[in-house]
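Coordinates in review
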Amino acid sequence: MTDEKVKRRLTTVLCADVYGYSRLMEADEAGTLETLRRYRTAIARLVERHDGRIVNTWGDAVIAEFASVVEAVQCAVEIQQEIASHAADTPQANPMQFRIGINLGDVMVDGSDIYGDGVNIASRLQELAEPGGVVISSSVYDQVHNKMSVGFDCLGQRPMKNIAPLTSYRLTLGGQIAGTGNSAIGESATPFERAHAPRMDNRRAPSSPTNVVSDWLTRLPRPVAAALTVSAFLILINLFTSNRIWFHWPVAAILFGVVLRMVLGQRPESDRRTER
């Protein structure tokens, strides 16, 4: 066994991958390779501008890391906007589009390469993104949601191959605000159309109380969110149907059951993380 200690660091990992790369290569190998080289050059320039570095370019993917979470997300937005701009200038039957995933996590360092769940999660997140879109982990969202003029749509917890489910968020590009009449681009618009939509206001519209509560519940563990929802319904039923207060007993039983389940489930979850 070696005595050399594995080096680790906390970093922001950006993973960009070409959507439908095999299909594009089958249709036009030479043209696809030329376009990929051109876009990689543009991506490398933007990564450097935001104080990041390219870690790897295996296959059709690009892996980059950033010291700043905000710079990583801003770089991803600019990458998608520049690629969409190139596609608009040179219309093609099958334009090349990237999907991008970003994660803030702990990685293992080996020379100039990085490994571990921090990288794997970024790779899985890009698979959740739409062509031309960006998906970030909750750890990234916590750092940037109040620092950037972009919107975020919560995707909830999506299953990912060999990765424990985690909450992810989709960036809303182009400053589109849902529910306003100022934009002709609807919710069904593609990321390319959103990237070129008129920029009325990059900031999100003020959230309604219902949206705030819904967003807060999505961040809680599923059993806790379910227990709080059922408890709220019991309280409302009691208040509107009876003059006697009886909700405290079933609510207490529900909350006790949730706490007991979380306490009993804590040790197995810890063991699973140790195995990984």
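Residues numbered from 1 in each chain as written. Predicted model: local features only at pLDDT ≥ 70, side-chain atom pairs only at ≥ 80, totals over all residues. Heavy atoms only, no water.

Scanning the entire structure with this criterion turns up eight salt bridges. One salt bridge connects Glu82 with Arg45, and the closest N-O pair in it is separated by 2.3 Å. With a gap of 37 residues between them, Glu82 in helix H3 (residues 69-89) and Arg45 in helix H2 (residues 29-49) connect regions that are remote in the sequence. Judged by its relative accessible area of 37%, Arg45 falls in the partly exposed class. For Arg124, the salt bridge identified is with Glu127, shortest N-O distance 3.1 Å. Of the two residues, Arg124 and Glu127 are both situated in helix H4 (residues 117-128); the distance of three residues between them amounts to about one turn of the helix. With a relative accessible area of 39%, Glu127 lands in the partly exposed category. (Salt bridge = Lys/Arg side-chain N within 4 Å of Asp/Glu carboxyl O. Helix = DSSP H or I, 4+ residues; strand = E, 2+ residues; numbered from the N terminus. Buried < 20%, exposed > 50% of the residue type's maximum accessible area, 1.4 Å probe, protein only.)

Ranked by internal contacts, the top residues of the largest apolar core, which has 36 residues, are Phe98, Ile102 and Ile136. The element contributing the most residues to this core is H3, with eight residues. If near-sequence neighbours (up to four positions away) are discounted, Ile136 is found in contact with Ile102, Leu125, Tyr141, Val144, Phe152, Ser168, Tyr169 and Leu171. By size, the runner-up hydrophobic cluster in this structure holds nine residues, among which are Val13, Val109, Ile114 and Ala122. (Core = buried A, V, L, I, M, F, W, Y, C linked by side-chain atoms within 4.5 Å. Contact = heavy atoms within 4.5 Å.)

Mean pLDDT for the chain: 79, with 76% of residues reaching 70 or above. Per-residue pLDDT stays below 50 along residues 175-207; that stretch engages in 45 contacts with residues further than four places along the chain or on separate chains. Note on residues 267-276: pLDDT is under 50 here. Beyond four places in sequence and across chains, it has three contacts. (pLDDT = per-residue confidence, 0-100.)

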